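# Secondary and tertiary structure notes
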Amino acid sequence: MDNRQALGSWLSGPRAAMEDAGVDFGYRGEQLGLPEHGPGSIARPGRRLGALAVDWGLCLLIAYGLVTQGYDTATGNWALLILFVMSALTLGSVGFTPGKRLFGLRVLALDTGRVDPLRALLRTVLLCLAVPALIWDRDGRGLHDRLARTVEVRI
């Protein structure tokens with residue numbers, strides 16, 4: 001490795017530096033036995049954030065129109081509560097929220113394939129805390145997915 005490569009490796013990140021050294025990380029989801037592309041592959045961050053934005057907008061609209069009858073400081077809190085209830089109920093029953101369905105995503109349990117209500121509740125609690133969702137592993141799964149033993153895949 002050249003000195004310029006060693007000094008400049010921080011620009012491309014540790015993964016790129018390790019790949020230049022010959023380490024093969026594989027693709028996202030390979031360790032979980034998921035395909036690299038197409039249905040059943042790990043959902044990309046853009047789709048996941050888009051689905052969350054749709055769900056949040058829907059919950060904000062419900063809180064704005066039905067609960068607070070206008071926008072004030074309580075609207076965001078009510079929207080978070082509505083997101084919690086909606087996410088826990090829909091993930092535990094059908095495996096996706098309205099936003100996830102719109103973006104072609106589904107949440108699956110790693111061992112059984114179907115998310116039971118307790119896993120959906122745990123995943124939703126951790127998602128609403130936001131910090132676990134911001135910590136990702138090399139497969140692209142958030143800490144909330146790892147602790148609930150779930151994975152978000154494309155339909």
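Worth saying up front: this structure is predicted, and the values here are computed from it rather than measured.

With respect to burial, strand 2 (residues 150-154) is a largely interior element, 4 of its 5 residues being buried. Inspection of the sheet shows strand 1 (residues 105-109) paired to strand 2 by 5 bridges, in the antiparallel sense. Bridged to arginine 106 within strand 2 is valine 153.

On to the pattern of salt bridges. Applying the stated rule across the entire model yields 7 salt bridges. Glutamate 152 is the partner of lysine 100 in a salt bridge, and the nearest nitrogen-oxygen pair spans 3.4 Å. Pair noted here: lysine 100 is in helix 5 (residues 98-102) and glutamate 152 is in strand 2, with a separation of 52 residues, a long-range link. The pair lysine 100 / glutamate 152 is uniform in exposure class, with both members buried.

What follows is about the nonpolar core. Soluble globular proteins tend to pack their nonpolar side chains together in the buried interior. With 6 residues, the main nonpolar core is built from Cys59, Ala63, Ala79, Ile82, Leu83 and Met86. Of all the elements in the fold, those that place two or more residues in this core are helix 3 (45-67) and helix 4 (73-93). Of the residues forming this core, the biggest block, 4 residues, is contributed by helix 4. The contacts of isoleucine 82, once residues within four sequence positions are left out, are Cys59, Ile62, Ala63 and Val67.

Attention now goes to the packing of helix 4 against helix 6 (residues 117-129). Between helix 4 and helix 6, the least distance of the axes is 8 Å, while the angle of their chain directions is 150°. Here helix 4 lies roughly antiparallel to helix 6, going by the angle between them. The handedness of the crossing between helix 4 and helix 6 is right-handed. The residues of helix 6 that touch helix 4, namely those facing Leu80, Phe84, Ser87, Ala88, Leu91 and Gly92, are Pro117, Ala120, Leu121, Arg123, Thr124, Val125 and Cys128. Counted by class, the contact of helix 4 with helix 6 contains 9 nonpolar, 3 polar and 1 charged residues.

This paragraph deals with a nonpolar patch on the surface. On the surface, Leu58, Ile62, Leu66, Val67, Trp78, Leu81, Val85 and Leu89 cluster together to form a nonpolar patch covering roughly 690 Å² of accessible area. Those elements that provide at least two residues to the nonpolar patch are helix 3 and helix 4.

Our next topic: the environment of threonine 90. Tracing the sequence through the fold places threonine 90 in helix 4. For threonine 90, a relative accessible area of 19% translates into the label buried. Sequence-wise, threonine 90 and proline 117 are 27 residues apart; in three dimensions their C-alpha atoms are separated by 9.1 Å. Leave out the neighbours within four places in its chain, and threonine 90 touches Gly95, Phe96 and Thr97.

Criteria and cut-off values
- The residue count restarts for each chain, going from 1 along the sequence in the order it is written.
- Since the coordinates come from a predicted model, pLDDT governs what is reported: local features require at least 70, and pairs of side-chain atoms require 80 or more to be given and counted, while whole-chain, interface and lining totals use all residues.
- Only hydrogens and water are removed before side-chain values are computed, so all heavy atoms of the structure are retained for them.
- Think of it in three bands: with a 1.4 Å probe and only protein chains considered, a residue is buried below 20% of the maximum accessible area for its type, exposed above 50%, and partly exposed in between.
- Secondary structure elements follow DSSP: runs of H or I no shorter than four residues count as helices, runs of E no shorter than two count as strands, and numbering proceeds from the N terminus.
- Paired strands, as defined in this entry, are two strands with at least two bridges between them according to DSSP.
- Any carboxyl oxygen of Asp or Glu that lies within 4 Å of a side-chain nitrogen of Lys or Arg is treated as forming a salt bridge with it.
- To form a nonpolar core, buried Ala, Val, Leu, Ile, Met, Phe, Trp, Tyr and Cys residues must be joined to one another through side-chain atoms within 4.5 Å.
- For this analysis, residues touch if any pair of their heavy atoms sits within 4.5 Å.
- Axis definition: a line fit to C-alpha positions, over the contact stretch in the case of helices; interaxial angles, taken between N-to-C directions, run 0 to 180 degrees.
- The cut-offs work like this: below 35 degrees is roughly parallel, past 145 is roughly antiparallel, 65 to 115 is roughly perpendicular, and the gaps in between are oblique.
- Here a crossing is taken to be left-handed if its near helix is turned anticlockwise relative to the far helix by less than a right angle, and right-handed if that turn runs clockwise.
- Charged residues are taken to be Asp, Glu, Lys and Arg, nonpolar residues to be Ala, Val, Leu, Ile, Met, Phe, Trp, Tyr, Cys and Pro, and polar residues to be all remaining types, Gly included.
- The residues that make up patches have over 30% relative accessible area and no salt bridge, and they are joined within 9 Å when like-charged or within 5 Å when they are Val, Leu, Ile, Met, Phe, Trp or Tyr.
- Only the protein chains shown count as cover for residues, and all accessible areas are computed by the Shrake-Rupley method using a 1.4 Å probe.

Keep in mind these numbers describe shape, not what the thing actually does.
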